Amino acid sequence: PSFQQLPQDAQRLNIVKRLAQMCPHASAQDARTCLPPLYAIFESSVPVLSRANASKAPSINFSVVECVLYSFHHLAAKAPGCLGPICGIRVITGQPSDVLDTPGLQQNLADFHIRLKALLQATD
């Protein structure tokens, strides 16, 4: 089953806790493989605020988000070149692909910033 189809929050939290424990020991190839699904979990855990619901704080499981961001941090440090297509963060690695204009990069980055703002608003 996918992460969101797991029946209990405790199971979801247990999975991301185990992932967070393993991420510091992952290889760069593992990081490139795990970053897209990990970011998808982040997207599903931190909803985008619409203008109609801007005053209402979203329901966020902070324990899951903390583990996901911790894992994302460790994996992104091992494979910085793959962050552009995932969340719009462009890291100059010295490769020729760094100068290519990737379609959707700005939209991905804007979406990432909106989710981080929603997370910040939920903590206030």
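The structure under discussion appears in the preceding block.
Every value quoted in this text rests on a predicted model; they were computed, and no experiment measured them. (Residues numbered from 1 in each chain as written. Predicted model: local features only at pLDDT ≥ 70, side-chain atom pairs only at ≥ 80, totals over all residues. Heavy atoms only, no water.)

**What to know about the overall build of the chain**
Counting secondary structure elements, the chain contains five helices and zero strands. When the helices and strands of the chain are read in sequence order from the N terminus, they spell out α-α-α-α-α. The 124 residues of the chain split such that 33% are buried. Counted over contacts in the chain with a minimum sequence separation of 6, partners at least 24 positions apart contribute 67%. (Helix = DSSP H or I, 4+ residues; strand = E, 2+ residues; numbered from the N terminus. Buried < 20%, exposed > 50% of the residue type's maximum accessible area, 1.4 Å probe, protein only. Contact = heavy atoms within 4.5 Å.)

**Considerations on the state of the cysteines**
Enumeration according to the criterion identifies zero disulfides in this entry. Take Cys 82: it sits in no disulfide, and the sulfur closest to it among the cysteines is that of Cys 87, at 8.7 Å. Cys 82 sits in the buried class, given a relative accessible area of 16%. For Cys 87, a relative accessible area of 0% corresponds to the buried category. (Disulfide = S-S within 2.5 Å.)

**Describing the packing of aromatic side chains**
Under the criterion given, the structure shown has five aromatic pairs. Aromatic pair Tyr 39 and Phe 112: ring centres 5.8 Å apart, planes at 55 degrees, arrangement tilted. Note that Tyr 39 is positioned in helix H2 (residues 28–45) and Phe 112 in helix H5 (residues 105–123), a separation of 73 residues in sequence. Here Tyr 39 matches Phe 112 in class, with each residue buried. On the basis of an interplanar angle of 40 degrees and a centroid distance of 6.4 Å, the ring pair of Phe 72 and Phe 112 is categorised as tilted. In this pair, Phe 72 is assigned in helix H3 (residues 62–78) and Phe 112 in helix H5, connecting sequence segments 40 residues apart. For Phe 112, a relative accessible area of 10% corresponds to the buried category. (Phe/Tyr/Trp six-rings, centres within 6.5 Å; stacked < 30°, edge-to-face > 60°.)

**Points about the side chain of Ser 45**
Counting through the fold element by element, Ser 45 comes out in helix H2. Under the relative-accessibility criterion, Ser 45 is labelled buried at 12%. Those residues in contact with Ser 45 that sit more than four places away from it in its chain are Ile 60, Val 64 and Val 65.

**Comments concerning H3**
Between the first and last C-alpha of H3 there are 24 Å, a value that for 17 residues agrees with the 24 Å anticipated at 1.5 Å per step. Along H3, the positions that sit buried rather than exposed are Val 64, Val 65, Cys 67, Val 68, Ser 71, Phe 72, Leu 75 and Ala 76. One face of H3 carries all of its buried residues, which in axial projection span an arc of 160 degrees. Set apart from the buried face of H3 by more than 90 degrees, the exposed residues are Glu 66, His 73 and Ala 77. Buried residues in H3 make contact with helix H1 (9–22), H2, helix H4 (83–87) and H5. (Expected span 1.5 Å × (residues − 1). Arc of directions from axis to C-beta.)

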